[in-house]
Amino acid sequence: MNISYNWLKEYLPVDMPPDEVAAALTSIGLETGSVEECRLVKGGLEGLVIGEVLTCEEHPNSDHLHVTTVDVGDPEPLHIVCGAPNVAAGQKVVVARVGTTLYSGETSFTIKKSKIRGEESHGMICAEDEIGLGTDHSGIIVLPAEAKTGMSAKAYYHMESDYVLEVDITPNRVDATSHYGVARDLAAWLNQAGKPARLRRPPVDAFLIDEPASPAVTVEVAGRDACLRYSGLTIRGVTVKESPGWLKNKLQAIGLRAINNVVDITNFVLHELGQPLHSFDAAKIKGGRVVVRTMPDGTKFVTLDGIERTLTGEDLMICNAEEPMCIAGVFGGLDSGVTEQTTDVFLESACFHPAWVRKTARRFGLNTDASFRFERGLDPNQTVYVLKRAALLIQELAGGKITGDIQDIYPEEVKPYPVDITYRKVHALIGKELPVDTIKRILASLEIEIVAETAEGLSLRVPVYRMDVRREVDVIEDILRIYGYNHIAVSDHLQSTLSYQTATDRSYRLENLISEQLCGAGFHEIMNNSQTRLACYEGLTSYPTACAVALINPLSADLNVMRQTLLFGGLQSIAYNINHKNRNIRFFEFGNCYAFQAENQTPDAALSGYREEYRLGLWMCGRRVENNWAHANEDASVYELKAFVQHVLARLGIDRRKVLESAFSNDLYASGITLATASGRALGTLGVLDRNLLKRMDVGEEVYYAELSWDVLMKEIKKARTVFSEISNYPEVKRDLALLLDRDVSFGAVEKAAFESERKLLKRVTLFDVYEGDRLMPGKKSYAVSFYLQDENKTLTDQQIDRIMHKIQATLEDRLGAKLR
């Protein structure tokens, strides 16, 4: 939230520079991220003065230029050549002296002494667009006769330099979402710091109903649960026009655009006092009656942005006698607002239930200044005060008369919250014994009333606007933040508790182990949001939208479901990296995935049918080697990814020979394999991602992806034991075979058949060459395979080796139709 330093000082006169104010606010929990100087006009009108045109004559060498003498308060008047058609003697004008810098967008130029068609010019008489005060270039600015000659333009236009403090408001501090709220907190800090400060609350003593007997717009509240209080009044005979400079400057300083005087006043009061207001054109309130209620499901309503929205029975609306006019606490309607043709205004100041506003705002994907505050809970006791403040400003800037009584429906008054605190608990939680007088002084500065006092503690009444202070610990936290966290000494004693091993420790330890292994192999760990957009799963059979876990109140339309797979978050990270010229990528991520399975849902269990699974994802794309003097460029491949997956399984103690592989393809993988145990447990999948899928995710590179179920892996190794053995003293024997096979036979099938043929002495099977060419029969390929044999207890003889190799060869011929080349 943006806070204007000059605006803040109107409620709390302080002589602290902006940086010190920012530091003070940060120390009391209103973290200030930045302090930036703000100039409403670029250059701040520096070097410009008010002048009086003494003489104005036709230029002797031009039919459109004029030669003038201008008094700017110097001993001698300036000789200036001016081309404006409206310049004349006796005018008060804005003059740029020689040396003044003027700005036009991002460019600037400096006024210099010059000669224009033979006549010297020592400055420039300015139009409004030339100094940033408007867009008109039809002539120079002509000021009222009372403008003081020699006065700086900066002073004349009240162009004070301002500073904008960017204050990060935590969700519990709705009381600080205004300039007055921030000033109130700062005043409490100043008083505690020994710098007495007096807070100035905007007065409303002058409020008066001009025509009590005149008819006014009446109010009816049908949804009492959703509307805690509704206040309104009618002002007739207003003139809607452009806002004065001071009001536009205040709004512009905090980043708001001026619209008209009535609407600008509602925005001003919102940022002044934190209470949202809404102004209606009273002539458009059919039946002269405002009704606060819900509408039937399916009702159509066009909001201020021109979008037609479909209402539900849970959207609170501000209606007239016939139709809805505004979404309560969220957004106005297209046809009920104040325009330049408006003469009668109905002004609303209400307090709506936070839950109703929050759900409606999320449902329509709207986030406005009003909904931001209503969602966090506002003080219903200030609606009438704020209404009077806004009404007085409207009368001051737009005229009009307040007619009829204030409409105020407040069924159940919300009273200050009673809280008891004990000094013992205060000292224990803060870690320091504070003087009782200090505690009482801080509470008074926070407007927390002390209603009773004992030797043990205090009985308090907390203001309603402090929605976050309900318990003793909340009050103590407030005392501490005003007293100052930095005033609490850090103990030199170390206190610790002993921990014990839990069932999750092994999984966590192994997760770190695998993370280190992957990082050592050149992978980078990523962490994506577990919430994603439903559109990622549209049209997929692998992860249908019906299985997505939808959020009731999503943060945005792009975060409306829980992820079913780690895949899409990683692809978004890859797309981001590729767009930033990083194409060689190795990513991994651990994270939960979620799914809803209707067939597993039971009526007696609320959360049945929902499944949460912890998974490991690996992504690879780009090149394995690039720009290396010792190695040619080499692309990454799916086989490399498979090797990394096998290394992960091996590190966890899973024998890859017991992992069953099955080839498949679907809408995610152009070609892939599933990994499963002999008992049928699915360990995961890996393969080459489908190009159509990559195109949907704006990824133009081929990507290889693997996703493993960490939960299943942990179950699989639950009883696994690590066994150490000595290195064999007996040599390993290698035998090679060149096999002619059908083209659809995989190396995995060869490896599996070989191990099933010789389970004891065969240790490894490797593939070192593949040949497919014209010299082979159609549909055939050649594998060159190495078989490694070893006996742990003795040296193998040639007869044993030959017998084993003949058995392996026979098995390959029988099962796979292999032939020796």
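Refer to the structure printed above.
Residues numbered from 1 in each chain as written. Predicted model: local features only at pLDDT ≥ 70, side-chain atom pairs only at ≥ 80, totals over all residues. Heavy atoms only, no water.

**Student:** Whenever I open this one, the overall build of the protein chain confuses me. Can you help?
**Tutor:** Counting secondary structure elements, the protein chain contains 19 helices and 42 strands. Relative to its length of 821 residues, the protein chain is extended, with a C-alpha radius of gyration of 39 Å against a globular reference of 28 Å. By residue count, 47% of the 821 residues in the protein chain fall in the buried class. The long-range fraction of contacts in the protein chain, counting pairs at least 24 apart against all pairs at least 6 apart in sequence, stands at 69%. Accessible surface, the protein chain as shown: approximately 42,200 Å² in total, 49% of it carbon and sulfur. Separation of charge centres in the protein chain, based on 91 positive and 112 negative side chains, amounts to 7 Å. (Helix = DSSP H or I, 4+ residues; strand = E, 2+ residues; numbered from the N terminus. Rg over C-alpha atoms; globule rule 2.2 N^0.38 Å. Buried < 20%, exposed > 50% of the residue type's maximum accessible area, 1.4 Å probe, protein only. Contact = heavy atoms within 4.5 Å. Areas by Shrake-Rupley, 256 points an atom, 1.4 Å probe, with all protein chains shown as cover. Lys, Arg positive; Asp, Glu negative; His and termini not counted. Charge placed at Lys NZ, Arg CZ, Asp CG, Glu CD.)

**Student:** Just to check I follow, could you spell out the packing of helix α5 (residues 245–253) against helix α6 (residues 261–273) for this structure?
**Tutor:** Two quantities define a packed helix pair, namely the angle between the helix axes and the distance between the axes. Contact geometry for α5 and α6: axes closest at 10 Å, N-to-C directions at 50 degrees. For the element pair α5 / α6, the angle class is oblique. Considering how the two elements wind past one another, α5 and α6 form a crossing that is left-handed. Where α5 abuts α6, its residues W246, L247, K250 and L251 lie against N261, D264, I265, N267 and F268. Here the residues of the contact of α5 with α6 sort into five nonpolar, two polar and two charged. (Axes fitted to C-alpha atoms, helices over the stretch in contact; angles between N-to-C directions. Parallel < 35°, antiparallel > 145°, perpendicular 65-115°, else oblique. Left-handed = near helix turned anticlockwise from the far one by under 90°. Nonpolar A, V, L, I, M, F, W, Y, C, P; charged D, E, K, R; others polar.)

**Student:** Which parts of the structure should I look at to understand the sheet that holds strand β12 (residues 162–167)?
**Tutor:** Strands pair in a sheet through their backbones, by hydrogen bonds, and they do so in one of two ways: parallel or antiparallel. Here three strands make up an open sheet; going across it, the order is β1-β12-β2 and the pairing antiparallel. Only two strands of the sheet have a single neighbouring strand rather than two, namely β1 (2–4) and β2 (32–38). Averaged over all pairs of adjacent strands, the angle between their axes in this sheet comes to 25 degrees, without regard to strand direction. (Pairing = 2+ DSSP bridges.)

**Student:** Which parts of the structure should I look at to understand the state of the cysteines?
**Tutor:** Such a bond, covalent and formed between the sulfur atoms of two cysteines, is termed a disulfide. Using the criterion set out here, one finds zero disulfides in the structure. For the unlinked cysteine C536, the closest cysteine sulfur is that of C593, found at 13 Å. Residue classification places C593 among the buried residues on the basis of a relative accessible area of 3%. (Disulfide = S-S within 2.5 Å.)

**Student:** Please clarify how the pairing of β12 should be interpreted in this entry.
**Tutor:** When a strand is regular, its side chains alternate between the sheet's two faces. As defined by bridge partners, β1 adjoins β12 across three bridges and the pair is classed as antiparallel. Paired with I3 across the strands is L165, a residue of β12. The sheet contact formed by β2 and β12 spans six bridges and is antiparallel. Paired with E36 across the two strands is V164, which belongs to β12.

**Student:** What exactly am I supposed to notice about the environment of H271 here?
**Tutor:** Turning to its location among the elements, H271 is positioned in helix α6. Each C-alpha atom of the pair H271 and N2 lies 9.3 Å from the other, and the pair is 269 residues apart in sequence. Residue contacts for H271: discarding those within four places in its chain leaves W7, S178, H179, I254, L256, D369 and R373.

**Student:** Explain a negative patch on the surface here, please?
**Tutor:** On the surface, E31, E36, E166 and D168 cluster together to form a negatively charged patch. Of note, E166 is situated in strand β12. (Patch = residues over 30% accessible without salt bridge, like charges linked within 9 Å, V, L, I, M, F, W, Y side chains within 5 Å. Salt bridge = Lys/Arg side-chain N within 4 Å of Asp/Glu carboxyl O.)

**Student:** So what exactly am I meant to see when it comes to the pattern of salt bridges here?
**Tutor:** Opposite charge on two side chains permits them to pair, given that their charged atoms come into close proximity. Within the structure shown, the criterion is met by 47 salt bridges. K286 is the partner of E322 in a salt bridge, and the nearest nitrogen-oxygen pair spans 3.8 Å. Here the residue E322 occupies a position in the loop between β19 (316–319) and β20 (324–327), and K286 occupies one in the loop between β15 (277–281) and β16 (289–294), the gap between them amounting to 36 residues. Assessed through its relative accessible area of 57%, E322 is described here as exposed. Among the salt bridges present, the one from R624 reaches E634, with a minimum N-O distance of 3.3 Å. In this pair, R624 is assigned in strand β33 (residues 623–625) and E634 in strand β34 (residues 634–635), connecting sequence segments 10 residues apart. R624 sits in the partly exposed class, given a relative accessible area of 42%. Assessed through its relative accessible area of 30%, E634 is described here as partly exposed. Where salt bridges share partners, they join R173, D175, D185, R466, D468, D478 and R481 into one cluster.

**Student:** I tried to follow the packing of helix α4 (residues 179–192) against helix α12 (residues 472–483) on my own but got confused; where do I start?
**Tutor:** Interaxial distance between α4 and α12 falls to 9 Å at its minimum, and their mutual angle equals 65 degrees. Where α4 approaches α12, its residues D185, A188, W189 and Q192 are matched on the opposing element by R481, I482 and Y483. Class assignment of the residues belonging to the contact of α4 with α12 gives a composition of four nonpolar, one polar and two charged.

**Student:** It is not clear to me how the packing of aromatic side chains should be interpreted in this structure. Could you clarify?
**Tutor:** Any aromatic ring pair is given by two values, namely how distant the centres are and how the planes are angled relative to each other. Taken as a whole and judged by the stated rule, the model has 16 aromatic pairs. Relative to Y157, the ring of Y156 lies with its centre 5.1 Å away and its plane at 85 degrees, an arrangement referred to as edge-to-face. In this structure Y157 comes out as partly exposed when scored by relative accessible area, which is 22%. Measuring from centroid to centroid gives 5.8 Å for W246 and F268, while their planes differ by 85 degrees, and the two rings are edge-to-face. Remark: F268 occurs in helix α6 and W246 occurs in helix α5; sequence separation between them is 22 residues. For F268, a relative accessible area of 2% translates into the label buried. Here the aromatic cluster, defined as three or more aromatic residues joined through ring pairs, consists of F588, F590, Y614 and W710. (Phe/Tyr/Trp six-rings, centres within 6.5 Å; stacked < 30°, edge-to-face > 60°.)

**Student:** Explanation requested: helix α2 (residues 18–27) in the structure shown.
**Tutor:** Since the α-helix turns once every 3.6 residues, residues separated by three or four places project in the same direction. All of the buried residues in α2 are P18, V21, A22, A24 and L25. Down the axis of α2, the buried set is contained in an arc of 165 degrees. They therefore lie on one face. The secondary structure elements touched by the buried residues of α2 are α1 (5–9), β2, β12 and α4. Just downstream of α2 lies G29, where phi reads positive at about 100 degrees. (Arc of directions from axis to C-beta.)

**Student:** I keep staring at the sheet that holds strand β32 (residues 610–621) and nothing clicks. Help me out?
**Tutor:** Strands sit in the order β27-β31-β32-β38-β37-β36-β35 across an open sheet of seven strands; the sheet is mixed. Either end of the sheet is taken by a strand with one partner, and the two such strands are β27 (524–525) and β35 (660–664). Summarising the sheet, β27 and strand β31 (residues 585–596) pair through two bridges and their orientation is parallel. Bridged to H524 within β31 is F587.

**Student:** I tried to follow the side chain of N260 on my own but got confused; where do I start?
**Tutor:** Looking at the element boundaries, N260 is found in the loop between α5 and α6. In this structure the side chain of N260 is engaged in a polar contact, spanning 2.9 Å, whose partner is the backbone nitrogen of V263. Filtering out sequence-adjacent residues up to four positions away, N260 remains in contact with V240, K241, S243 and V338. (Polar contact = N/O pair within 3.5 Å; in protein donor to acceptor, adjacent residues only side chain to side chain.)

**Student:** Would you mind going over the side chain of D281 with me for this structure?
**Tutor:** Turning to its location among the elements, D281 is positioned in strand β15. For the buried D281, no salt bridge exists, and the shortest N-O distance to an oppositely charged side chain is 4.3 Å, to K284. Discounting chain neighbours no more than four positions away, the residues touching D281 are S336, G337, V338, T342 and D344.

**Student:** Just to check I follow, could you spell out the nonpolar core for this structure?
**Tutor:** Note that soluble globular proteins tend to have their nonpolar side chains buried in a common cluster. With 81 residues, the main nonpolar core has L25, L186, V269, I421, L443, V475 and I479 as its most contacted residues. The element contributing the most residues to this core is helix α9 (residues 383–398), with 10 residues. Each residue touching I421, except ones within four places of it in the same chain, is listed here: V426, L443, E456, G457, L458, L460, E472, V475 and I479. C326, F346, A361 and F374 belong to the second largest nonpolar core, which has 36 residues in total. (Core = buried A, V, L, I, M, F, W, Y, C linked by side-chain atoms within 4.5 Å.)

**Student:** Mind showing me how you'd approach the pairing of strand β22 (residues 344–352) here?
**Tutor:** Summarising burial for β22: nine of the nine residues are buried, a large majority. Direction of pairing for strand β14 (residues 227–236) relative to β22: antiparallel, over a ladder of nine bridges. Residue pairing in the sheet places C227 in a bridge with F352 of β22. Of the strand pairs in this sheet, β15 and β22 are connected by five bridges, and their pairing is antiparallel. Counterpart to H278 in the pairing with β22 is E348.

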